[in-house]
Amino acid sequence: MSHKSIKQRKRGITMKNQRETILTGDRPTGKLHLGHYVGSLKNRVALQDVYNTFIIIADFQVLIDHLEDSHKVKTNIKEITLDYLGAGIDPAQTTIFIQSVVPQLAELTVYLSMLVTVSRLRRNPTVKSEAQRIGVDSEQDNITYGFLGYPVSQAADILLFRAHCVPAGEDQRPHIEQTRELANRFNKVFGKVFPLPELLISETPRLPGIFGEGKMSKSLGNAIYLSDSAEEVRRKVMSMYTDPTRKHASDPGHIEGNVVFTYLDAFDSDFERVADLKNKYQVGGIGDIELKNHLFEVLMNFLRPMQKRRNEFEKHPDYIQQVLKDGCARAVEIGEETMKLVRKAVGYNYADLFSAK
Ligand code: ATP
Ligand code: MG
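One numbering rule holds for all chains: residues counted from 1, following each sequence as written. Each chain gets a letter, beginning with A, and each ligand a number, beginning with 1, in the order they are written. The model is predicted, so local features are restricted to residues of pLDDT at least 70 and side-chain atom pairs to those at 80 or more, both for listing and for counting; the totals for chains, interfaces and linings are taken over all residues. Side-chain metrics rest on all non-hydrogen atoms present in the structure, leaving aside hydrogens and water.

Peer 1: Give me the lowdown on the overall build of the protein, citing residues and values where you can.
Peer 2: Helix and strand definitions here come from DSSP, where helices need a minimum of 4 consecutive H or I residues and strands a minimum of 2 consecutive E residues; each element is numbered from the N-terminal end. Scanning the protein from N- to C-terminus turns up 15 helices and five strands. Against the compact-globule benchmark of 21 Å for 357 residues, the protein has a radius of gyration of 22 Å, which places it among compact chains. Dimensions of the protein along its principal axes, counting C-alpha atoms only, are 90 × 45 × 45 Å. Split into buried and exposed, the 357 residues of the protein put 51% on the buried side. Contacts are residue-level and defined by heavy atoms, with any inter-residue pair within 4.5 Å sufficient. Here the analysis covers contacts within the protein between residues at least 6 apart in sequence; of these, 77% occur between residues at least 24 apart. Reported accessibility uses the Shrake-Rupley method at a 1.4 Å probe radius. Residues are deemed covered only where the shown protein chains occlude them. When the accessible surface of the protein is summed, it comes to about 17600 Å², and 53% of that surface belongs to carbon and sulfur atoms. The charge count includes Lys and Arg as positive and Asp and Glu as negative, but it does not include His or the ends of the chains. Note on charges: their place is set at NZ of Lys, CZ of Arg, CG of Asp or CD of Glu. If you average the places of the 48 positive and of the 45 negative side-chain charges in the protein, the two averages end up 4 Å apart. This radius of gyration counts C-alpha atoms alone. The globule rule is 2.2 Å times how many residues there are, raised to the power 0.38. Three labels apply to residues, based on accessible area from a 1.4 Å probe with only protein chains included: buried if under 20% of the type maximum, exposed if over 50%, partly exposed otherwise in between.

Listed below in structure tokens is the structure:
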């Protein structure tokens, strides 16, 4: 995996004078939150002008653990699209599409599923922890075929677009490794079709939730959403855990594991000010409320311009519809190009079988 900075990446791509491809995405299980932004979305926005960028709204993936919520997905797709546009994704540069609308993804998943063993999938640490979260054991038979196999479907998402780079959070590392293995195996068995994608890890690959435990996640009720109102952000910031060992503002406090400072590190671009606050906190020179008020200001300064843009786009549902329609059409077009190569490599290109001689 590569550790190039965004600047180095941009320079490298420009020098090569040839556009590489990014594929990444989100599950439409709810609106996007700060974790999505720092873990992946920020890099998508930064790189969309130098990479062919595809964003997949992974609706099939919702079914692995939210079967009963399938009817909410359509609304979530619209909300997520607004989040993307608010955050600075430009549909002229980035293709936003819906997974289930691209049939070639399901087709590629079938081919790839023949190239991985069940025991390899059972060992995937992210599958294990996601399964655990809903009380399922990936080593046992109470996990569904679709859940155990979702890294294969996700590999198809990446490989169908022959992506080189996947900006994503730390939880995606095992999936990218799995995708590389599948691409490698396909290329060896049938002939080279796929580049081996690289994970692009951000500076904040795992933003914790507001209570400090676990990662910020839609499913855990510990998220600050990009579209949260100022009151909601304030309420959430005020409920954050700080240093449980500290009783009074004048007691020396701990920075380590203090989620308010984790968020300041991620969102306050004035590093000197953050360093100064840390020093003050450690000697008992600042109270929790004052610190949280500062974080609230920092977060709102970051969120306000995005929310303003988002609100503007929200007034134009026809535009959102068009963005998704165009994105899906383009994804199908590119997907079919890749599937032609795949079918040919496997020997399942049957055009001559059906055409009259
Ligand atoms: P769900 O609970 O429905 O799985 P989620 O909040 O985990 O939702 P995903 O849609 O699974 O979000 O993840 C989308 C992308 O955002 C992935 O690249 C993932 O790595 C990244 N991401 C999600 N949460 C975080 C986080 N807390 N910190 C950094 N990156 C994150
Ligand atoms: Mg997730």
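Text resumes after the structure shown.
Peer 1: Can you lay out helix α8 (residues 150–160) for me, pointing to particular residues and giving the numbers?
Peer 2: Extensive coverage of α8 is indicated by the burial of 11 of its 11 residues. Among all positions of α8, only Tyr-150, Pro-151, Val-152, Ser-153, Gln-154, Ala-155, Ala-156, Asp-157, Ile-158, Leu-159 and Leu-160 are buried. Following α8 by one or two positions, Arg-162 adopts a phi angle in the positive range, close to 45°.

Peer 1: Kindly report on the site of ligand 1, identifying the contributing residues and their values.
Peer 2: Near residues are defined by distance, with any heavy atom within 4 Å of the molecule or strand qualifying the residue. Looking at ligand 1, there are 21 residues lining it, with Thr-29, Asp-171, Lys-215, Ser-217 and Ser-219 nearest. Counting of polar contacts relies on pairs of N or O atoms within 3.5 Å, with two restrictions inside protein: one atom must be capable of donating a hydrogen and the other of accepting it, and residues adjacent in sequence are counted only when both atoms are side-chain atoms. At a separation of 2.9 Å, an oxygen atom of ligand 1 approaches a polar side-chain atom of His-33. In the model, a nitrogen atom of ligand 1 is placed 3.3 Å from a nitrogen or oxygen of the Gly-35 main chain. A total of 600 Å² of accessible area belongs to ligand 1 in isolation, and the protein chains cover 97% of it. More than half of the atoms belonging to ligand 1 lie within 2 Å of the grid points that define the largest pocket. Only β1 (20–26) and α2 (34–47) provide two or more residues apiece to the shell around ligand 1. Looking at the shell around ligand 1 element by element, the count peaks at three residues for α2. Cavity and pocket criteria rest on a 1 Å grid covering protein atoms alone: a 1.4 Å probe that fits but cannot get out defines a cavity, protein on both sides within 12 Å along at least 5 of 7 lines defines an open pocket, and an atom within 4 Å of a point defines a lining residue. Each molecule is checked against the cavity or pocket grid, and it sits inside if more than half of its atoms lie within 2 Å of the grid points.

Peer 1: Quick one: what's the story with empty space enclosed by the protein, residue by residue and with numbers?
Peer 2: Grid points are joined across faces, edges and corners, and a volume is the space filled by probe spheres set on the points. Applying the stated rule across the entire model yields one cavity of 30 Å³ or more. There is about 40 Å³ of room inside the largest cavity. Considering the residues around the largest cavity, the lining is formed by Leu-82, Asp-83, Gly-86, Ala-87, Leu-226, Met-306, Gln-307 and Arg-310. The set of elements that each furnish at least two residues to the lining of the largest cavity consists of α3 (73–87) and α13 (288–314). With four residues, α3 is the largest single contributor of residues to the lining of the largest cavity.

Peer 1: Mind laying out the pairing of strand β2 (residues 51–57), listing which residues take part and the relevant values?
Peer 2: Most of β2 sits out of view: six of its seven residues are buried. Two strands qualify as a pair provided that DSSP identifies no fewer than 2 bridges between them. As judged from the seven bridges shared by β1 and β2, these two strands associate in the parallel manner. Residue pairing for β2: Gly-25 is matched across the bridge by Ile-56. Here is how to tell: hold the view so the strands point away, follow the path from the first strand over the helix to the second, and if it runs clockwise the crossover is right-handed. Where the polypeptide runs from β1 across α2 and back to β2, its parallel neighbour, the crossover connection is right-handed. Bridging between β2 and strand β3 (residues 94–98) involves five bridges; their strand directions are parallel. If you follow Ile-56 over to β3, its bridge partner there is Phe-97. With α3 bridging β2 and the parallel β3, this β-α-β connection has right-handed handedness.

Peer 1: I'd like a rundown of the packing of α3 against helix α14 (residues 317–346), residues and numbers included.
Peer 2: Axis definition: a line fitted to C-alpha atoms, over the contacting stretch in the case of helices. Angles run 0 to 180 degrees between N-to-C directions. Two elements in contact, α3 and α14, have axes whose closest approach is 11 Å; the angle formed by their N-to-C orientations is 90°. One finds that α3 runs roughly perpendicular with respect to α14. On α14, the residues touching Ile-77, Thr-81, Leu-82 and Leu-85 of α3 are Tyr-319, Ile-320, Val-323 and Leu-324. Ten residue types, Ala, Val, Leu, Ile, Met, Phe, Trp, Tyr, Cys and Pro, are classed as nonpolar, four, Asp, Glu, Lys and Arg, as charged, and the remainder, Gly among them, as polar. The residue inventory of the contact of α3 with α14, partitioned by class, reads seven nonpolar, one polar and no charged. Each angle receives one of four descriptions, namely roughly parallel if under 35 degrees, roughly antiparallel if over 145, roughly perpendicular if within 65 to 115, and oblique otherwise.

Peer 1: Explain the domain arrangement of the protein to me, and be specific about the residues and the numbers.
Peer 2: Entries for the protein in the domain assignment read domain 1 (3–207 + 317–353) and domain 2 (230–312). Each domain's limits were defined by an automated method or a database of domain assignments. Taking only C-alpha atoms, the centre of domain 1 and the centre of domain 2 are 33 Å apart. Listed as interface residues are 13 residues of domain 1 and, on the opposing side, nine residues of domain 2. In this description, buried area is defined as the sum, over both parts, of the accessible area (probe of 1.4 Å) that is lost when the two are combined. If you sort the residues of domain 1 by the area they bury against domain 2, Leu-34, Gly-86 and Leu-207 come out on top, with a joint share of 50%. In what follows, salt bridge is the name for a side-chain nitrogen of Lys or Arg lying within 4 Å of a carboxyl oxygen of Asp or Glu. At the junction of domain 1 and domain 2, the tally comes to two salt bridges. On inspection of domain 1 and its partner domain 2, the count reaches three residue pairs in polar contact (both at pLDDT 80 or more). For the side of domain 1 that touches domain 2, the secondary structure elements donating two or more residues are α2 and α3. At six residues, α3 tops the list of elements feeding residues into the side of domain 1 that touches domain 2.

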